[in-house]
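# Inside the fold
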Amino acid sequence: MNMDHSKIPQATAKRLPLYYRFLKNLHASGKQRVSSAELSDAVKVDSATIRRDFSYFGALGKKGYGYNVNYLLSFFRKTLDQDETTNVTLIGVGNLGTAFLHYNFIKNNNTKIAMAFDINKEKIGTEVGGVPVYDLNKLEEHMTDDDIPVAILTVPAQAAQSITDRLVALGIKGILNFTPARLNVPEHIRIHHIDLAVELQSLVYFLKHYSMQEK
């Protein structure tokens, strides 16, 4: 099935990994079919949105029957390129970076941190979670081909832009930014900003707001 993925809304694309994770769990439990209502309850997305998301990919289910778990799993595996491994580089082996290296997305078979960089001499030349840690000053020496299209930034905010500029020059295509810095990059570079402090503040706000409504 030839599909123009550029026509899939970004909000839909972001939900696909959620659907895939739940379908993997269903498959492991032996379930053969699932309704949009069951999917809705599991991934916390309303049924209408799920049906609309799935409609972009053609007829994935049948009315009155629901969705075939094996078929959906196979379809989303191909759609998300689960059979191909994407190598990732991590910049900044501090507390958060170290946690990522030990975790290394073991539940995502298609994503693997292949190398990491830091400026701490005690970490350079070691392995963390089986991932080699190199000298950040030698970034260009180690990232010499196009095999690593994605970078994770877990560095101090003041260093983020200069490191990003180097990554862009090396041909990086996507950056997962865990720093508070808002990075300037060319239009063809994809950046996802994840500010844990902001997310936590937002969560606390909603908790307080919700509790005030209840009183």
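What counts as what
Residues numbered from 1 in each chain as written. Predicted model: local features only at pLDDT ≥ 70, side-chain atom pairs only at ≥ 80, totals over all residues. Heavy atoms only, no water. UniProt positions renumbered as here; feature names shortened; annotations may be inferred. 1 Å grid on protein atoms, 1.4 Å probe; cavity = no way out; pocket = protein on both sides within 12 Å on 5 of 7 lines; lining within 4 Å. Points joined across faces, edges and corners; volume = space filled by probe spheres on them. Nonpolar A, V, L, I, M, F, W, Y, C, P; charged D, E, K, R; others polar. Salt bridge = Lys/Arg side-chain N within 4 Å of Asp/Glu carboxyl O. Helix = DSSP H or I, 4+ residues; strand = E, 2+ residues; numbered from the N terminus. Buried < 20%, exposed > 50% of the residue type's maximum accessible area, 1.4 Å probe, protein only. Core = buried A, V, L, I, M, F, W, Y, C linked by side-chain atoms within 4.5 Å. Pairing = 2+ DSSP bridges. Arc of directions from axis to C-beta. Axes fitted to C-alpha atoms, helices over the stretch in contact; angles between N-to-C directions. Parallel < 35°, antiparallel > 145°, perpendicular 65-115°, else oblique. Contact = heavy atoms within 4.5 Å.

As annotated in an unreviewed UniProt entry, the protein chain carries the name Redox-sensing transcriptional repressor Rex and is attributed to Bacillus haynesii. Turning to the protein chain, the UniProt annotation filed under Subunit (unreviewed entry) states: "Homodimer."

## Looking at empty space enclosed by the protein
The method is simple in principle: a probe with the dimensions of a water molecule rolls over the atoms, and the space it marks as empty is what remains. The final tally for this structure, using the stated rule, is 1 cavity of 30 Å³ or more. For the largest cavity, the calculated volume is near 40 Å³. Lining the largest cavity are M143, D145, D146, I148, P149, L170, G171, I172 and K173. Looking at the lining of the largest cavity residue by residue, the classes come out as 5 nonpolar, 1 polar and 3 charged.

## Details of the pattern of salt bridges
Where side chains of opposite charge bring their charged atoms close, a pairing between them can arise. Per the stated rule, a full pass over the model turns up 3 salt bridges. Measuring nitrogen to oxygen at the nearest pair gives 2.7 Å for the salt bridge that ties D53 to R15. Taken together, the residues span a long stretch of sequence, with D53 in helix α3 (residues 47-55) and R15 in helix α1 (residues 10-29) at a distance of 38 residues. On the accessibility criterion, D53 (0% relative accessible area) is buried.

## Section: the nonpolar core
Grouped together as the largest cluster of nonpolar side chains are 20 residues, with contacts concentrated most on Y19, L23, V34, L39, I50, F54 and F76. Elements with a minimum of two residues in this core: α1, α2 (36-43), α3 and α4 (69-79). With 6 residues, α1 is the largest single contributor of residues to this core. In terms of nonpolar packing, the next biggest core, distinct from the first, is built from 19 residues, I91, M143, I148 and I172 among them.

## Observations concerning the environment of A181
Examined against the element boundaries, A181 turns out to sit in the loop between β9 (174-177) and β10 (190-193). A181 sits 24 residues away from A157 along the chain, and the two C-alpha atoms are 5.3 Å apart.

## What to know about the pairing of strand β4 (residues 86-91)
Summarising burial for β4: 5 of the 6 residues are buried, a large majority. Here 6 bridges tie β4 to strand β5 (residues 111-118), and the two strands are oriented parallel to one another. The residue of β5 that forms the bridge with T86 is T111. Examined bridge by bridge, β4 and strand β8 (residues 150-153) share 4 bridges and lie parallel to one another. If you follow I91 over to β8, its bridge partner there is L153.

## Here we look at α2
Three- or four-residue spacings in an α-helix give side chains the same orientation, since the helix completes a turn every 3.6 residues. Inspection of α2 places S36, L39, S40 and V43 among the buried residues, and these make up the whole buried set. All buried residues of α2 fall inside an arc of 105 degrees around its axis, so they share one side. Looking one or two residues beyond α2, the residue adopting positive phi is K44, at roughly 60 degrees.

## A look at the packing of α2 against α3
The contact between α2 and α3 brings their axes to 8 Å, and the two run at 110 degrees. Between α2 and α3, the angle falls in the class roughly perpendicular. Packed against α2, whose contacting residues are S36, A37, L39, S40 and V43, the element α3 presents S47, I50, R51 and F54 at the interface.

## Concerning the sheet that holds β9
As summarised here, the arrangement of the 7 strands in space is β6-β7-β5-β4-β8-β9-β10, forming an open sheet in which the pairing is mixed. Two strands bound the open sheet, and with one partner strand each, they are β6 (127-128) and β10.

## Here we look at the UniProt feature "binding site: NAD(+)" (unreviewed entry) in the protein chain
When the UniProt feature table is mapped onto this chain, "binding site: NAD(+)" (unreviewed entry) is found at G92, V93, G94, N95, L96 and G97. Along the chain, N95 falls in helix α5 (residues 95-103). When its relative accessible area of 32% is taken as the criterion, L96 is described as partly exposed. Dropping the residues within four chain positions of it, L96 is found in contact with T154, F178 and L196.

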